[in-house]
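Overview (structure and organization)
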Amino acid sequence: MITYKKTQLQVSQTDLKEWRVNNGHAPTSVTGPCPRCEDETTDPLVRDLPENLLMTADVFTAAPLRLQISRIIECECSEPHPKRPHGVSVGCGASWQITVKRSGAHWIVEAGDPVMAAAAMELAKEAAANDLKSIRATAEKWLAGVAALLGLFTLSGALVGKGHH
Ligand SMILES: [Zn+2]
Ligand SMILES: [Zn+2]
């Protein structure tokens, strides 16, 4: 049995071949076997952002085809793993990067792009800790040259929608 351990995994396409995007119309979560413990786990892609910034199906269907989401996700399997810390009820401790991207009419899960994942992490942190103004500054910093990240795309949509242009 696999012992709980905080582990940052480097994953390949092979590790993610069984991963799928739930609700193919607009990717709201991803599911697949954890690359470490092999138990099934699901990640809600939007959890780190404040409610008013959550992506909606409309945002996704209106998006250009290049839209992609990169982030670091954690194992949240429901199997028991020895030495799981007190207060932690799920997972084996593993985390890894994924990119969710559009492929034709579908969304697919690929191994993460480190630059994109770092940007998404930074933005999520910013969104959790600060007001809209500083989030916007962070988003603008990253937006140059980056197609779209979970948070960035959502933010740019939300902010543009508020009549800044
Ligand atoms: Zn597990
Ligand atoms: Zn796991």
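Remember, predicted model here, so these are calculated numbers, not experimental data.

Check the secondary structure of the chain and you find 4 helices and 7 strands. For the chain, the sequential pattern of α-helices and β-strands runs β-β-β-β-α-β-β-β-α-α-α. By the burial criterion, 34% of the 165 residues in the chain qualify as buried. Long-range pairs, those at least 24 residues apart, make up 64% of the contacts in the chain with a sequence separation of at least 6.

The residue E38 is not glycine, and still its phi comes out positive at about 70°. Relative to the helices and strands, E38 is located in the loop between β3 (29-33) and β4 (40-44). Residue class for E38 comes out partly exposed when judged on the 14 C-beta atoms lying within 10 Å of it. Positive phi outside glycine occurs at K83, with the angle close to 70°. Within the secondary structure, K83 is located in the loop between β5 (68-74) and β6 (94-103). K83 sits in the exposed class, given 9 other C-beta atoms within 10 Å.

All right, on to the sheet that holds β4 then. Reading across from one edge, β2-β3-β4 is the order of the 3 strands in this open sheet, with antiparallel pairing throughout. One side of each edge strand has no neighbouring strand; the edge strands of this open sheet are β2 (20-22) and β4. Ignoring which end each strand starts from, the neighbouring axes of this sheet average 25° apart. Strand direction decides the pairing type here: β3 and β4, joined by 5 bridges, are antiparallel. Counterpart to P33 in the pairing with β4 is E40.

Moving on, we get to the environment of K101. Along the chain, K101 falls in strand β6. It is 8.5 Å that separates the C-alpha atoms of K101 and S70, two residues lying 31 residues apart in sequence.

Okay, the confidence of the model for the chain next. As a general rule, the predicted coordinates of low-pLDDT regions are not to be interpreted in detail. With 50% of its residues at a pLDDT of 70 or more, the chain has an overall mean of 70. For the chain, per-element mean pLDDT is lowest for helix α4 (residues 150-161), which scores 42, and highest for β3, which scores 92. Ignoring residues within four places in sequence, the model shows residues 48-66, a span with pLDDT below 50, making 31 contacts including any to other chains. Note that residues 142-165 has pLDDT below 50 and, in this model, 51 contacts with residues that lie over four places away or in other chains.

With that settled, consider the nonpolar core. Counting residues in each nonpolar core, the largest one holds 17 residues, and the members touching the most others are V30, I98, V100 and V109. The contact partners of V30, leaving out residues within four places of it in the chain, are W19, V21, N22, T42, D43, L45, I98, V100 and V109.

Let us now look at the pairing of strand β7 (residues 106-111). As judged from the 6 bridges shared by β6 and β7, these two strands associate in the antiparallel manner. Bridge pairing links S103 to H106 in β7. Counted along the chain from β6 to the antiparallel partner β7, the turn is 2 residues long, and its residue G104 has a positive phi close to 65°.

Counting through the fold element by element, V11 comes out in the loop between β1 (7-8) and β2. Between the C-alpha atoms of V11 and W96, which are 85 residues apart in sequence, the distance is 6.6 Å. When residues no more than four places from it in sequence are discounted, the contact partners of V11 are L16, P35, W96, Q97 and A111.

Here is what the cut-offs are and how they apply
- Residues numbered from 1 in each chain as written.
- Chains lettered and ligands numbered in written order.
- Predicted model: local features only at pLDDT ≥ 70, side-chain atom pairs only at ≥ 80, totals over all residues.
- Helix = DSSP H or I, 4+ residues; strand = E, 2+ residues; numbered from the N terminus.
- Buried ≥ 20, exposed ≤ 12 C-beta atoms within 10 Å, placed from the backbone.
- Contact = placed C-beta atoms within 7 Å.
- Pairing = 2+ DSSP bridges.
- Axes fitted to C-alpha atoms, helices over the stretch in contact; angles between N-to-C directions.
- pLDDT = per-residue confidence, 0-100.
- Core = buried A, V, L, I, M, F, W, Y, C linked by C-beta atoms within 7 Å.

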